[in-house]
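Observations on the model geometry
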Amino acid sequence: MTNYIGKSVKRVEDKRFITGQGNYTDDIKIPNMVHAYIVRSPYAHAHVKNIDTAEALKVPGVVSILTGADIPEAIAGVPCGWQVDFKNGDTMKEPPHPLLVRGTVRHVGDGVAVVMAETKAIAKDAADLIDVDYDVLDAVADPKKAAEPGAPQVHPDCPGNLCFDWELGNPKEEVAAALASAHHVTELDFVNQRVVPNAMETRGVVAQYDTAYDKYTIWTSTQNPHLIRLLMCAFVLGIPEHKVRVVGPDVGGGFGSKIFHYAEEALLVWASKHIGRPIKWTCDRSEAFMTDAHGRDHNSNAKMGFDKDGKIVALQATTFANLGAYLSTFAPAVPTYLHGTLMQGLYTTPKVNVDVKAMFTHTNAVDAYRGAGRPEATYLLERLLDLAALEMDMDPAELRLKNFIPAFDGVEQPGYQTQVALQYDSGNYEPVLKRALEMVGYENFRKDQAAALSTNKILGIGFSTYIEACGIAPSAVVGALGARAGLFESAQVRVQPTGKVSVYTGSHSHGQGHETTFAQIVADKMGIALEDVEIIHGDSDSVAFGMGTYGSRSLAVGGSAIVKSIEKVLDKGAKVAAHLLEASVDDLDYAEGKWTVKGTDKSVSFGDVSLTAYVPHNYPEGLEPGLDFSSFYDPANFTYPFGAHIAIVEIDKETGATKLLRFIAVDDVGNVINPMIVDGQIHGGLAQGIGQAMHEGALYDDTGQLINGSYMDYCMPRADDFPSFEIDRTVTPCPHNPLGVKGAGEAGCIGSTPAVVNAVVDALWKAGYKVKDIPMPMTPERVWTAMQG
Amino acid sequence: MKNKISVNVNGKQYEGEVEGRELLVNFLREHLSLTGTHIGCDTSSCGACTIHLNGHAVKSCTVLAVQADGAEVTTVEGLATNGELHPIQEGFKEEHGLQCGFCTPGMMMTAVDLLKSNANPTEHEIRDALEGNFCRCTGYHNIVKSIQYAAKKMNGATA
């Protein structure tokens, strides 16, 4: 009965996008709607002495101008969704994050006032006339500098700019002892630089208050409408949840940045009632650079010890993580439970300690960005491994093969318990690396590399073998780790009387192709045609509940919830079928859309059963009419995809210009529903990971000024920056969810970054430049400088 | 001051009154409700707003609406004819050339222009031509394949 699962079914959602009929937030128009523009601070840290709006209010077409002082004190500000406490048990510092600043701006882009006018152009014109009197103060942008004595303070009640400190793993003394007695220790200081997510659709909000129903509707470019509703209603505005409808319409990419509840959402909802008109706000790109939660920004020291055979004996990782000026929704989880917990990687490392200081700085918030903590962990581990191989004159692939955890399927063999809290579900690590080596033609490459040494274009190869924790996540586990929400997912399978099926999922697609993949599952499991299934998502008034899409969780958690509901539908359907066939439920088989009495040709179709359920004239006694079931699926564990990535680069010795010649990725994401879509997810992740290695990086200067906040200044990866990717996969099913799937959204971005940097270091090292690190992004200037000693 | 303009968009003549500073993309989206053309940046870098002006791909955020007076404009809404997808649209669907769909209209308009001047581009030429169009979802891999699909189909059709 597998007609769709495992097939590259073309996406059903494509038609509206390729014909220009997508419906993104900025495409929405409501009669009488005004346009909002937000006046933002040009300074990183300043007291706001006065805001003079008199001239701006005179501009024809201006409807209202509001500042922080106009917002009632009772409206608290944007909450954080995850609490990570200090090592000593003290509560995490959680400074207020008002919708518009009250007295002090704390990063470039902090919202100072909102202008609402008949057109966006008028709102912008008026905003130019608002005179904000700032008293500029010293600022700090770097997380390590923020920890220094005497550093400018971001919040008065957060001494030393410390949000919390945190530690995980074996005791530090044990790790230190193991490192002290190691045959070789590789040590590296490095920065995992801040990057800007850059979804191609900027954030936007349309908010409307309906006096007739006393109800708000908000369309927002979000990855999780229900969570936005919960946070906004319960923690910000104090509006009853059933009086707010949140819609995430077509959303033009997220990559994490649209998970979070942003100030603009609550601001517009509140203001729409306050001014009595619907309001639209669409973020400009330069505004997005300043305000979309950024990613990464770790400053780390790491030490990895090896015995004389190359077995890893210990790892110590110490990180200053930049959280920015305010705590974004998931920010505390990213450098801790999504980072420290991955520090064992694919290896049998017996002693691991991770120490993290989470710092406030006068910069935009940092939160989950594709991979969220796991790319940073992978970067740390995989940079150390390739560097150790160079230092010990060992082969980097051999070094990994020596240290891999032996295969385990999570069924016959138990899951693998790490030193850093997680229990991996299933894994088989050698085959991904061996397949990648085969694809790259490793032996031949090393010959080419040696031959190239006599030319001006040197070659390098870099490895990265990664694991990630996704399918986020068991509610009780994350609750114990500080999450203020459960991370289950809901699904409703509503069979219509004619046998057509509407599925309501709490997952949200913003490019991942849920409308196809989820329909494939439903069609297969129910034995009906794909065209008879519709997937509905993104509307809190139609979908019962949802925790949204991030952490590669849609299929593993959301898909599993759908399977649970399908099982309920088929169970009830069997009772109706048994009645119609005058047989016992136990005597029925279900296949290809019909129930058949075993060993006979007597059958009844799914359509006949569904019609009977809604026209229950001849019907089992005591059975409710209808065929419509909901499920809430809470996963038993995270899922643990893994893979091996290899980069090959060519460096021009004269200029330092680095070209990515090949990129090979072999990933294991468990069972695959739609190979075409999974491949697409891998491609996109690779481009973002490679982009961080070679092109991207948000730059704040010492005054906290964002100095590359536009596409003229921030290097977005382009088509001609990449070769065609060479990808393959192995399949190690997840043992604990009904689909055996693990998740593919983040894999490419997690594995790729260190492979590219390792390739550049390998090229330089083999050419005689014993360089341990090239700071990312590896611009020609940085690579050239490295070669000058 | 408002300026009267008359623009042929996707074969239909439209009259409008626009401010001198108004961008063509704004005219298309706000006056004509042709929201298939997207705005992805404010520096004329990303290409999401790419349309055809008198048969050539331009970024409609870099053209004033008044400059389009008397011109012929094609947007993504005008690519299909009588409900039949243009080969480039078909290519993007067949080769999974889109994920979130936001950059897609601009990508397709750029690609159609490329294929007009180079019916059989190499991978390198395709990547080079896409230099002014950003995509954050696909890593460009399948966009290249989508354009190759369209080239093949269009060449086959004219052969």
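Residues numbered from 1 in each chain as written. Chains lettered and ligands numbered in written order. Predicted model: local features only at pLDDT ≥ 70, side-chain atom pairs only at ≥ 80, totals over all residues. Heavy atoms only, no water.

1. So, the overall build of chain B
On a plain count of helices and strands, chain B comes out with five helices and five strands. Along the first, second and third principal axes, the C-alpha set of chain B runs to 50 × 30 × 25 Å. The buried share among the 159 residues of chain B stands at 56%. Taking contacts inside chain B between residues at least 6 apart in sequence as the whole, the part at least 24 apart equals 57%. Taken as a whole, chain B presents about 6,300 Å² of accessible surface, with 48% of it coming from carbon and sulfur. (Helix = DSSP H or I, 4+ residues; strand = E, 2+ residues; numbered from the N terminus. Buried < 20%, exposed > 50% of the residue type's maximum accessible area, 1.4 Å probe, protein only. Contact = heavy atoms within 4.5 Å. Areas by Shrake-Rupley, 256 points an atom, 1.4 Å probe, with all protein chains shown as cover.)

2. A few points about the nonpolar core
Among the nonpolar cores identified, the biggest contains 213 residues, and Phe 663 and Leu 764 of chain A together with Ile 88 and Ile 147 of chain B are the most heavily contacted of them. Not counting residues within four places of it along the chain, the set of residues in contact with Ile 88 of chain B comprises Leu 79, Met 108, Ala 111, Val 112, Leu 115, Ser 146, Ile 147 and Ala 150 of chain B. The next biggest cluster of nonpolar side chains, apart from the first, holds 46 residues, and it includes Tyr 4, Leu 555, Ala 556 and Tyr 633 of chain A. (Core = buried A, V, L, I, M, F, W, Y, C linked by side-chain atoms within 4.5 Å.)

3. Here's the deal with the pattern of salt bridges
Residue and element names in this part refer to chain A. Summed over all chains, the structure comprises 49 salt bridges over all chains. Its salt-bridge partner being Asp 14, residue Arg 11 comes within 2.8 Å of it at the nearest N-O pair. Neither residue differs from the other here; Arg 11 and Asp 14 are each classed as buried. Asp 297 serves as the salt-bridge partner of Arg 194, at 2.8 Å between the closest nitrogen and oxygen. Here the residue Arg 194 occupies a position in strand S8 (residues 184–195), and Asp 297 occupies one in strand S13 (residues 295–306), the gap between them amounting to 103 residues. Assessed through its relative accessible area of 10%, Asp 297 is described here as buried. (Salt bridge = Lys/Arg side-chain N within 4 Å of Asp/Glu carboxyl O.)

4. What to know about helix H9 (residues 374–392) of chain A
Residue and element names in this part refer to chain A. The first and last C-alpha atoms of H9 sit 27 Å apart over 19 residues, in line with the 27 Å expected at 1.5 Å per residue. Counting buried positions along H9 yields 18 of 19 residues, so the element is predominantly enclosed. Just beyond H9, the residue with positive phi is Asp 393, at close to 55°. (Expected span 1.5 Å × (residues − 1).)

5. A look at the domain arrangement of chain A
Residue and element names in this part refer to chain A. When the domains of chain A are assigned, the result is domain 1 (14–22 + 32–137 + 203–282), domain 2 (295–472 + 637–787) and domain 3 (488–633). Look at where the C-alpha atoms of domain 1 and domain 2 centre, and you get two points 35 Å apart. Between domain 1 and domain 2, the residue contacts involve 30 residues of the former and 25 residues of the latter. For the pair domain 1 and domain 2, the summed buried area comes to about 2,200 Å², and 67% of that belongs to carbon and sulfur atoms. Of all residues in domain 1, Trp 82, Phe 255 and Phe 260 give up the largest surface area on contact with domain 2, accounting jointly for 27% of the area buried on that side. The interface formed by domain 1 and domain 2 holds one salt bridge in total. The tally of links between domain 1 and domain 2 comes to seven residue pairs in polar contact (both at pLDDT 80 or more). Among the residues forming the side of domain 1 that touches domain 2, the class breakdown is 17 nonpolar, eight polar and five charged. (Domains from an automatic or database assignment. Buried area = accessible area lost by both parts, 1.4 Å probe. Polar contact = N/O pair within 3.5 Å; in protein donor to acceptor, adjacent residues only side chain to side chain. Nonpolar A, V, L, I, M, F, W, Y, C, P; charged D, E, K, R; others polar.)

6. Side note on the domain arrangement of chain B
Residue and element names in this part refer to chain B. When its domains are assigned, chain B resolves into domain 1 (2–78) and domain 2 (87–158). For domain 1 versus domain 2, the distance between C-alpha centres works out to 22 Å. Where domain 1 abuts domain 2, roughly 1,200 Å² becomes buried across the two surfaces, and 59% of that area is made up of carbon and sulfur atoms. Counting the surface domain 1 buries against domain 2, the share from its top three residues, His 38, His 52 and Val 76, is 38%.

7. Details of the interface of chain B and chain A
It is common to give the size of an interface as the accessible area lost on bringing the parts into contact. Taken residue by residue, the interface counts 43 residues in chain B and 53 residues in chain A. Both faces combined, the contact of chain B with chain A buries some 4,200 Å², and carbon together with sulfur accounts for 54% of it. Summed over the three residues of chain B that lose the most area to chain A, namely Lys 93, Phe 134 and Arg 136 of chain B, the buried surface amounts to 20% of that side. In this structure, the connection of chain B to chain A is made through 30 residue pairs in polar contact (both at pLDDT 80 or more). For the side of chain B that touches chain A, the secondary-structure elements that each account for two or more residues are helix H1 (24–31), helix H2 (87–94), helix H3 (104–117), helix H4 (123–129) and helix H5 (141–158) of chain B. Here the element with the most residues in the side of chain B that touches chain A is H2 of chain B; it accounts for four residues. Here the residues of the side of chain B that touches chain A are counted per class, giving 15 nonpolar, 16 polar and twelve charged.

8. Focus: a nonpolar patch on the surface
A surface patch of nonpolar side chains, about 230 Å² in accessible area, is lined by Leu 611, Tyr 614 and Val 615 of chain A. Given a relative accessible area of 36%, Val 615 of chain A falls into the partly exposed group. (Patch = residues over 30% accessible without salt bridge, like charges linked within 9 Å, V, L, I, M, F, W, Y side chains within 5 Å.)

9. A word on the pairing of strand S19 (residues 489–495) of chain A
Residue and element names in this part refer to chain A. Within S19, six of the seven residues are buried, which leaves the element mostly enclosed by the surrounding structure. The sheet contact formed by S19 and strand S25 (residues 628–633) spans six bridges and is antiparallel. Each bridged residue has a counterpart across the sheet, and for Val 493 the counterpart in S25 is Phe 629. In this structure, S19 lies alongside strand S20 (residues 501–505), joined through five bridges in antiparallel fashion. For Arg 494, the partnering residue across the bridge sits in S20 and is Ser 502. Linking two consecutive strands that pair antiparallel, namely S19 and S20, is a turn of five residues; a positive phi of about 90° is found at Gly 499 within it. (Pairing = 2+ DSSP bridges.)

10. Here's the deal with unusual backbone geometry
For the bond running from Ile 472 of chain A to Ala 473 of chain A, omega is -5°, close enough to zero to count as cis. Note on placement: Ala 473 of chain A falls in the loop between strand S18 (457–467) and helix H13 (475–480). A cis amide bond links Met 776 of chain A with the next residue in sequence, Pro 777 of chain A, at an omega value of -5°. If you trace the backbone, Pro 777 of chain A turns up in the loop between helix H18 (747–766) and helix H19 (780–787). Its identity is not glycine, yet Asn 54 of chain B carries a phi of approximately 50°, on the positive side. In this model, His 96 of chain B sits at a positive phi of 55°, which is unusual for a non-glycine residue.

11. Re the sheet that holds S20 of chain A
Residues and elements named next belong to chain A. Strands sit in the order S21-S20-S19-S25 across an open sheet of four strands; the sheet is mixed. Looking at which strands have only one partner, the edges of the open sheet turn out to be strand S21 (533–537) and S25. Averaged over all pairs of adjacent strands, the angle between strand axes in this sheet comes to 15°, irrespective of strand direction. Contacting S19, S20 and S21, helix H14 (residues 514–526) runs over the sheet at an angle of about 135° to S21. (Axes fitted to C-alpha atoms, helices over the stretch in contact; angles between N-to-C directions.)

12. Considering the pairing of S21 of chain A
Residue and element names in this part refer to chain A. Within S21, four of the five residues are buried, which leaves it mostly tucked inside the rest of the structure. Here five bridges tie S20 to S21, and the two strands are oriented parallel to one another. What sits directly across from Val 503, in S21, is Ile 535.

13. Side note on the sheet that holds S18 of chain A
All names here are of chain A. As summarised here, the arrangement of the four strands in space is S18-S26-S27-S28, forming an open sheet in which the pairing is mixed. Strands at the two margins of the open sheet, each flanked by one partner only, are S18 and strand S28 (726–729). Taking each pair of neighbouring strands and ignoring which way they run, the sheet shows an average axis angle of 10°. Pairing analysis gives eleven bridges linking S18 to strand S26 (residues 642–652), with the strands arranged antiparallel. Each residue of the ladder has a partner; that of Gly 462, found in S26, is Ala 647. The sheet strands contacting helix H11 (residues 430–440) are S18, S26, strand S27 (658–668) and S28, and the helix crosses S27 at an angle near 140°.

14. As for the side chain of Asn 8 of chain B
Residue and element names in this part refer to chain B. As for its position among the elements, Asn 8 is in strand S1 (residues 2–9). Of note is the side chain of Asn 8, whose polar atom sits 3.0 Å from the backbone nitrogen of Gly 11. The residues touching Asn 8, leaving out its near neighbours within four places in the chain, are Gln 13, Ala 71, Glu 72 and Val 73.

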